[in-house]
Number of protein chains: 2
Amino acid sequence: MTTVGLRERKKEKTRLALLDAALDLFLEQGYESTTVEQIAGVVDVSPRTFFRYFTSKDHLVLWFHDHGEEIMLETLESRPQDESPFTALMHALRAVLSDMEGSTPEESARFLKLRRILDENPRLIGQSVARGAQTERRLAEVIAARRGADADTDQLSHLIVAFAMSTLRVGFECPRRDGTLPEITNRMAETIELAERSLQPGWDLEPPAR
Amino acid sequence: MTTVGLRERKKEKTRLALLDAALDLFLEQGYESTTVEQIAGVVDVSPRTFFRYFTSKDHLVLWFHDHGEEIMLETLESRPQDESPFTALMHALRAVLSDMEGSTPEESARFLKLRRILDENPRLIGQSVARGAQTERRLAEVIAARRGADADTDQLSHLIVAFAMSTLRVGFECPRRDGTLPEITNRMAETIELAERSLQPGWDLEPPAR
DNA sequence: TTGTCATCTGTCATCGACTGACATAGATTA
DNA sequence: TAATCTATGTCAGTCGATGACAGATGACAA
């Protein structure tokens, strides 16, 4: 049975409606000057309900991170254990890209809007990075396991993950000017290659320090 | 004349008193459950006044970032123009370290407290990283200028800065267990060396793409 | 010393994000 | 249909943050 109940469908519809309403309002009047009350108003739900769908106003903007993180963790798990950590991470990044490339027009539109909003609100870029930091902790655990090291003491595990996430972020943010989705994903792919070229072969295979 | 007026001295005293009161309260009862009212109460000022010293509750924790950023920008400016961008950045990082090593016992104590607080509050680590993101934008401008590139389009400039900041952050956060200040700075120095070893010679000298 | 001026501070009012508690309307299942 | 589950609205309240105004206090010149 693929049929999800009416309730489920309704919820998903409300969630997307809130997201779309918010993105549009943010673009029209700016992030700060848009209140939760307004967003809820457009979708015709109470502000209280908004917070049942999104834990915070910021969460709206970080919505996509959840998805990306999920893909990265899944991909990482499916990569052969003997693949070097950074290489595995780069595959995970590419998995995120190919997911983006396969997105529906609606999803693409949301993504492009989000990108503009982030661009105009440095504070949000910060939040976005902050969200990335939490992902990093989780990824570092996985990578440390791969390296047979302890995530609490092996700095290289953390550095590997940090470099990988930096790569993703730089690809996402820069260049700032608008573009179509394919343009952006191509650009991100370039950034990944750039990062791969920049690092010494085998740099991520050094044995744990202790 | 080095004498700063009574007013100035008083202000500095209040600022530090607020900072210390806050750090202690955060450690005692946790960040979230400490209110601005409490912090202000300890120092015996009104909550309104608190916000005249620190723009937000978060700002307390990011206090040190301001200082670090300042040092990095200054150092960067003083490095020879023909030094490669990443090398210059690594010198900037080391400048931050040596500044930390030269800090007074009070400053060291604050730093260690802060580190414990950040460790216990993942959300704050996020904020901290977010603050770093703003620094990154500024640094990227400087590095792009050095590379004779446009910060808006040259991804490598951003990647260089992102890698450098990642290095600083990993050194700061990991390993999580406590330690004395010298132990921590040594550890951070190791991370810097690790990063330098990991990158291809001349990786940061590739000409701008466009 | 005194009076003026700039600045710091407290008080008050207010907004907006967010949360817990409770009641109800609607969907689900037996 | 009845019993049950759950999503939503309402209400009240906390806390972070900001603007406006007035009083206190240090800075400085006459």
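What you see is a predicted model; the values in this text were computed from it and never measured.

K.L.:
I would appreciate a short explanation of the relation of the copies chain B and chain A in the present structure.
P.N.:
Between the two chain copies there is a screw-like relation: a rotation about an axis and a shift along it. With an RMSD of 0.1 Å, the fit of chain B onto chain A corresponds to turning through 180° and sliding 0.1 Å along the axis. Here the copies are linked by what is in effect a two-fold axis. Residues of chain B ranked by C-alpha distance from the rotation axis are headed by L199 of chain B, positioned 2.2 Å from it. Residue by residue, 100% of the interface of chain B is reproduced at the interface of chain A, so both copies engage with the same surface.

K.L.:
Sorry if this is basic, but what is going on with the packing of helix 4 (residues 57-78) of chain A against helix 7 (residues 122-146) of chain A here?
P.N.:
The axes of two packed helices give the description: the angle between them and the distance between them. All names here are of chain A. It is at 10 Å that the axes of helix 4 and helix 7 come closest, and there the two elements cross at 20°. As far as their axial angle goes, helix 7 and helix 4 are roughly parallel. Here the hand of the crossing between helix 4 and helix 7 comes out right-handed. Within the contact between the two elements, helix 4 uses D58, V61, L62, H65, D66, E69, M72, L73 and L76 and helix 7 uses R123, L124, Q127, S128, R131, T135, R138, L139, V142, I143 and R146. Grouping the amino acids of the contact of helix 4 with helix 7 by side-chain chemistry returns nine nonpolar, four polar and seven charged.

K.L.:
Help me understand the protein's contact with DNA strand D, please; the structure alone is not making it clear to me.
P.N.:
The full set close to DNA strand D counts 22 residues, and T49, R52 and Y53 of chain A together with L6 and K57 of chain B are the nearest of them. Within 4 Å of the protein, atoms of DNA strand D come from sugar and phosphate in 60% of cases. Backbone polar atom of S46 of chain A to a phosphate oxygen of DNA strand D: 2.8 Å apart, as the coordinates give it. For DNA strand D, a phosphate oxygen lies 2.6 Å from a polar atom in the side chain of Y53 of chain A.

K.L.:
Please explain the side chain of R131 of chain A as it appears in this structure.
P.N.:
Residue and element names in this part refer to chain A. Looking at the element boundaries, R131 is found in helix 7. Of the polar contacts made by the side chain of R131, one reaches the side chain of E69; its length is 3.1 Å. With residues up to four places along the chain from it excluded, the contact list for R131 reads L62, H65, D66 and E69.

Scoring rules and cut-offs
- Residues numbered from 1 in each chain as written.
- Chains lettered and ligands numbered in written order.
- Predicted model: local features only at pLDDT ≥ 70, side-chain atom pairs only at ≥ 80, totals over all residues.
- Heavy atoms only, no water.
- Least-squares fit on C-alpha atoms with pLDDT ≥ 70 in both.
- Contact = heavy atoms within 4.5 Å.
- Axes fitted to C-alpha atoms, helices over the stretch in contact; angles between N-to-C directions.
- Helix = DSSP H or I, 4+ residues; strand = E, 2+ residues; numbered from the N terminus.
- Parallel < 35°, antiparallel > 145°, perpendicular 65-115°, else oblique.
- Left-handed = near helix turned anticlockwise from the far one by under 90°.
- Nonpolar A, V, L, I, M, F, W, Y, C, P; charged D, E, K, R; others polar.
- Near = heavy atom within 4 Å.
- Polar contact = N/O pair within 3.5 Å; in protein donor to acceptor, adjacent residues only side chain to side chain.

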